[in-house]
Amino acid sequence: MRRLFLTLGIFILLGLAGFYVFTDPRVVSPAPEIGTLPPPDVENGKLLFAAGGCSSCHATPGQDDKLRLGGGLALPSPFGTFHAPNISPHTRDGIGNWGVKDFVDAMATGVSPSGQHYYPAFPYTSYRLMPPKALADLFAYIRTLPSVEGRAPGHDLPFPFNIRRAVGGWKLLFFDGTPFRPDPTKSEEWNRGAYLVQGPGHCAECHSNRNALGAIIPSTRFAGGPDPEGKGFVPNITQHADGLANWSKSEIAEMLKTGFTPSFDSVGGSMAPVVRNIAQLSDADRMAMAEFIKSLPAVAGPPRPKKAE
Amino acid sequence: MIRTVVVAAGLILGLSAVVAQSDPIAQRRDAMKAVGAATREGAAIAKGEAAFDSAKVQMIFKVYADAAKRLPALYPETAKSGGETTAGPKIWEDQGGFKTALAKFETEAVAGGAAAKDLDSFRSAFGAATKNCGSCHEVYRIKK
């Protein structure tokens, strides 16, 4: 009997030790070359800021200036309510005293400068595809924006989701930290589109179904699913008949610019701000995104909920 | 015989009109579809795929203004769901804001009709009026 307890105790200790080791947020920075980067290209940073839709979550709600990144927007989810933090250059409340490496690590590995995991409500799962140079450009652009005072409220998450350390386990299971690798068999345009859609654009973060732990299910990536914010259903954007099979490349690019679908419906919900952001890109970039989207294999999405009668 | 057919046809027409009258979801869908069809024509002109045609342009803004006028009444408390609707709950939580948004669309549609004298003035008026589509859908419509 005593032996049994002892063995059990050892197992529990081993388990705790394993949890501690495997959820350690200390990172191998993806950016050893930070010190050797050329001066940042602020214009490229501005483009990535639009492509990434940063202001859609981080702009202070209830005012019109989308470049005041005071945070505070509530993001409901099945795990509780997240609040987008202040990412303005304010030195106390924002990211004003971050270094480039802090920013790159946050965006590419989801770890804060103080060594804590970020929740994947912040889509570093996609942003990680941006190379350190691009992230440094983006950081340089954000630093040109107005400094906004005030901290956003903390996340409102029930147990056990309030244990940040557990995000380390989630990352072990679901987080792929590899950067973007162009496919040399595809055109330059396709690769540009693949980068914009999957990296900064983070389209799959909404246009995919998620598992019980909130991770995107790879087999139905881009095939739509219930809105993670809890309102309605996000469309399938693969080449499935229920998706974008009947949309031409230029129709997709046009929708990303004007918000009008081929049948002249106007997209709504959180796609409206997405269009406002992507409209700031060049026609060539939108065509590249469309080129990549037209290449997505047809995948049936999860069944839509029955219409309420 | 002919008289019977005519009367029957008249009755059916009248009946379907009554059905449509009592189905605000179908009515607002029709209104939105009309706006979409007008926008298709307007976009073709703005992009230079169709010639600038003053009568057609006036029609487009009239369709917008008419829809904006009719829509506020087509979202009664009894038609929140059921049928095919992507109306968002915010419509009923914020009736004031919803009506203001539609009033703005109507004003800009009327002003657009008055301003659109040639292709350039049409382009800017059309651009301004159609901005209302996205800004209203962003708040008052759920994803589908």
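For the structure given in this document, a descriptive report is provided here. Here the structure is a predicted model, which means the values were calculated and not measured.

Residue-level contacts link 17 residues of chain B with 24 residues of chain A. The contact between chain B and chain A buries some 1,700 Å² in all, and 54% of this surface belongs to carbon and sulfur atoms. Scanning the region where chain B abuts chain A turns up three salt bridges. Notably, a salt bridge pairs Asp-265 of chain A with Arg-141 of chain B, separated by 3.0 Å at the nearest N-O pair. Counting across the interface, chain B meets chain A through seven residue pairs in polar contact (both at pLDDT 80 or more). Those elements giving two or more residues to the side of chain B that touches chain A turn out to be helix 2 (24–46) and helix 6 (119–140) of chain B. Considering each element in turn, the side of chain B that touches chain A owes the most residues, five residues, to helix 6 of chain B.

Residues and elements named next belong to chain B. For the coordinates displayed, the defined rule picks out 21 aromatic pairs over all chains. Consider the rings of Tyr-64 and Phe-105, whose centres lie 5.4 Å apart with planes at 40°: the pair is tilted. A residue pair is termed long-range when its members are at least 10 positions apart, and Tyr-64 in helix 3 (residues 54–70) and Phe-105 in helix 5 (residues 95–115) qualify at 41 residues. Under the relative-accessibility criterion, Phe-105 is labelled buried at 9%.

This brings us to the packing of helix 9 (residues 249–258) of chain A against helix 11 (residues 283–294) of chain A. Residues and elements named next belong to chain A. Across the interface, helix 9 lies against helix 11 with an axial gap of 8 Å and an inter-helix angle of 125°. Comparing the axis directions of helix 9 and helix 11 gives the class oblique. Between helix 9 and helix 11 the crossing geometry is right-handed. Residues Lys-249, Ser-250, Ile-252, Ala-253, Leu-256 and Lys-257 of helix 9 form the contact with helix 11, whose participating residues are Asp-283, Arg-286, Met-287, Met-289, Ala-290, Glu-291, Ile-293 and Lys-294. Residue composition of the contact of helix 9 with helix 11, by class: seven nonpolar, one polar and six charged.

The next point concerns the environment of Glu-138 of chain B. Inspection of the secondary structure puts Glu-138 of chain B in helix 6. The class of Glu-138 of chain B is partly exposed, set by a relative accessible area of 26%. Put simply, Glu-138 of chain B and Ala-116 of chain B are 22 residues apart on the chain and 27 Å apart in space, counted from C-alpha to C-alpha. Residues in contact with Glu-138 of chain B, not counting those within four places in the same chain, are Gly-268, Gly-269, Ala-272, Pro-273 and Arg-276 of chain A. Of the polar contacts made by the side chain of Glu-138 of chain B, one reaches the side chain of Arg-276 of chain A; its length is 2.9 Å.

Looking now at a nonpolar patch on the surface. Residue and element names in this part refer to chain A. Taken together, the side chains of Tyr-20, Val-21, Phe-22, Leu-172, Leu-173, Phe-174 and Leu-213 define a hydrophobic patch exposed on the protein surface, amounting to about 760 Å² of accessible area. Only helix 1 (2–22) and helix 7 (166–174) provide two or more residues apiece to the nonpolar patch. Inspection of the secondary structure assignment puts Tyr-20 in helix 1.

So, how was this worked out
Residues numbered from 1 in each chain as written. Chains lettered and ligands numbered in written order. Predicted model: local features only at pLDDT ≥ 70, side-chain atom pairs only at ≥ 80, totals over all residues. Heavy atoms only, no water. Contact = heavy atoms within 4.5 Å. Buried area = accessible area lost by both parts, 1.4 Å probe. Salt bridge = Lys/Arg side-chain N within 4 Å of Asp/Glu carboxyl O. Polar contact = N/O pair within 3.5 Å; in protein donor to acceptor, adjacent residues only side chain to side chain. Helix = DSSP H or I, 4+ residues; strand = E, 2+ residues; numbered from the N terminus. Phe/Tyr/Trp six-rings, centres within 6.5 Å; stacked < 30°, edge-to-face > 60°. Buried < 20%, exposed > 50% of the residue type's maximum accessible area, 1.4 Å probe, protein only. Axes fitted to C-alpha atoms, helices over the stretch in contact; angles between N-to-C directions. Parallel < 35°, antiparallel > 145°, perpendicular 65-115°, else oblique. Left-handed = near helix turned anticlockwise from the far one by under 90°. Nonpolar A, V, L, I, M, F, W, Y, C, P; charged D, E, K, R; others polar. Patch = residues over 30% accessible without salt bridge, like charges linked within 9 Å, V, L, I, M, F, W, Y side chains within 5 Å. Areas by Shrake-Rupley, 256 points an atom, 1.4 Å probe, with all protein chains shown as cover.

Just geometry here; none of it tells us what the structure is for.
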